[in-house]
Amino acid sequence: MRSIPLTFCAAAVVAATLVPASAALADSDSDPGSGQTGSGSHATLSVTPPSAAPGGEVALRLDACGGKEAKGNSDVFVSEARFSPAADGGLFAQARISSDASPGDYDIQIVCADDKGTKTSGTVTVIDRDQPTPLAPVRAGGGGTAVLTDQEAHQDGPGTVQAVIGLALAAVAVVAVAFRSVRRRRPAED
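This structure is a prediction, so every number in the text was calculated from the model and none was measured. (Residues numbered from 1 in each chain as written. Predicted model: local features only at pLDDT ≥ 70, side-chain atom pairs only at ≥ 80, totals over all residues. Heavy atoms only, no water.)

Would you mind going over the overall build of the protein chain with me for this structure?
Within the protein chain, the secondary structure is distributed over three helices and nine strands. Reading the secondary structure of the protein chain in the N-to-C direction produces α-β-β-β-β-β-β-β-β-β-α-α. When burial is assessed residue by residue, the protein chain has 28% of its 190 residues classed as buried. Contacts in the protein chain between residues at least 24 apart in sequence constitute 55% of all its contacts with a sequence separation of at least 6. With an accessible surface of roughly 12400 Å², the protein chain has 56% of that area assigned to carbon and sulfur atoms. (Helix = DSSP H or I, 4+ residues; strand = E, 2+ residues; numbered from the N terminus. Buried < 20%, exposed > 50% of the residue type's maximum accessible area, 1.4 Å probe, protein only. Contact = heavy atoms within 4.5 Å. Areas by Shrake-Rupley, 256 points an atom, 1.4 Å probe, with all protein chains shown as cover.)

Quick question: what am I supposed to make of the environment of Ala 93 here?
Summarising the element assignment, Ala 93 is placed in strand 7 (residues 91-96). In the structure, Ala 93 is positioned 11 residues away from Arg 82 in sequence and 5.9 Å away in space, judged by C-alpha atoms. Beyond its immediate sequence surroundings of up to four residues, Ala 93 is in contact with Val 58, Ala 59, Leu 60, Ala 81, Arg 82 and Phe 83.

So what exactly am I meant to see when it comes to helix 3 (residues 160-185) here?
Three- or four-residue spacings in an α-helix give side chains the same orientation, since the helix completes a turn every 3.6 residues. Taking 1.5 Å per residue as the helical rise, helix 3 with its 26 residues ought to reach 38 Å, and the 38 Å between its terminal C-alpha atoms agrees with that figure. Residues of helix 3 that are buried: Val 164, Ala 171, Val 175, Ala 178 and Val 182. (Expected span 1.5 Å × (residues − 1).)

Looking at this structure, I do not really get unusual backbone geometry. What am I missing?
Glycine aside, residues mostly have negative phi, and peptide bonds are mostly found in the trans state. Put simply, Thr 48 and Pro 49 share a cis peptide bond, and its omega is -10 degrees. Inspection of the secondary structure puts Pro 49 in the loop between strand 2 (44-48) and strand 3 (51-52).

Help me out: how do you make sense of a nonpolar patch on the surface in this one?
Together, Val 161, Ile 165 and Leu 169 make up a nonpolar patch on the protein surface, roughly 290 Å² of accessible area in all. Relative to the elements of secondary structure, Ile 165 occurs in helix 3. (Patch = residues over 30% accessible without salt bridge, like charges linked within 9 Å, V, L, I, M, F, W, Y side chains within 5 Å. Salt bridge = Lys/Arg side-chain N within 4 Å of Asp/Glu carboxyl O.)

When you look at the side chain of Ser 98 in this model, what are you seeing that I'm missing?
Its location among the elements puts Ser 98 in the loop between strand 7 and strand 8 (104-112). Within the structure, Ser 98 has its side chain in polar contact with the side chain of Asp 100 (distance 2.4 Å). Beyond its immediate stretch of four places on either side in the chain, Ser 98 contacts Pro 54, Gly 55, Val 76 and Val 78. (Polar contact = N/O pair within 3.5 Å; in protein donor to acceptor, adjacent residues only side chain to side chain.)

What should I look at first to understand the pattern of salt bridges in this one?
Side chains bearing opposite charge may pair, as long as their charged atoms lie close to each other. Overall, the coordinates contain three salt bridges when judged by the stated rule. We note a salt bridge from Glu 57 to Arg 96, for which the minimum N-O separation is 3.1 Å. Note that Glu 57 is positioned in strand 4 (residues 57-63) and Arg 96 in strand 7, a separation of 39 residues in sequence. Between Asp 63 and Arg 61 there is a salt bridge, with its nearest N and O atoms 3.5 Å apart.

What's the story with the nonpolar core in this structure? I'm lost.
One recurring pattern in soluble globular proteins is that nonpolar side chains are buried together. Among the nonpolar cores identified, the biggest contains 23 residues, and Leu 60, Leu 62, Phe 77 and Phe 83 are the most heavily contacted of them. The set of elements that each furnish at least two residues to this core consists of strand 2, strand 4, strand 6 (81-85), strand 7, strand 8 and strand 9 (119-126). (Core = buried A, V, L, I, M, F, W, Y, C linked by side-chain atoms within 4.5 Å.)

Where do I start with the environment of Cys 65 in this structure?
When you line up the elements, Cys 65 lands in the loop between strand 4 and strand 5 (70-73). Assessed through its relative accessible area of 13%, Cys 65 is described here as buried. Excluding residues that lie within four positions of it along the chain, Cys 65 makes contacts with Ala 70, Leu 91 and Cys 112.

Help me out: how do you make sense of the environment of Asp 114 in this one?
Locating Asp 114 in the fold gives a position in the loop between strand 8 and strand 9. The class for Asp 114 is buried, based on a relative accessible area of 16%. Spatially, the C-alpha atom of Asp 114 lies 7.5 Å from that of Cys 65, the residues being 49 residues apart in sequence. Look past the residues within four positions of Asp 114 in its chain and what remains in contact with it is Gly 66 and Gly 67.

The following block contains the structure:
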């Protein structure tokens, strides 16, 4: 007869754990420094990393473009960026920053090769060469995230992801202990 209150308590613990976790994940997804920009009708352009040194390379990702091709131009690119289908949907291109580019923000204009001629735009920031950033990022590890690792090294305490994982593990432990204690209290039936 105790299984109903125990089930209710376990469900309440799990719900109390997952509600703050989902809110924390929603807050982390809305980070303004993610490099996502766009002003087109339906297409969204993301630039990774959002800032690069002269001679560096950026990855461009275009979501919701009607066609299977697009072209991107910027005064700071060495040549036109040609988008092609990505394995997980959307369109993908890489662009190299001119080695003689001056620090500052540069506009990127994208035109989709669909029947509507969908256009979108974004921004890439060129940083001074003296700032620590890889000129040719290694694709086997961090890629172009070296700029972000310096910022993350100065964080105090665990981040959002670590907090969510900790809460989920604590909820699983509480449920496991509760079910184990119920099993021990039941009398053996012959």
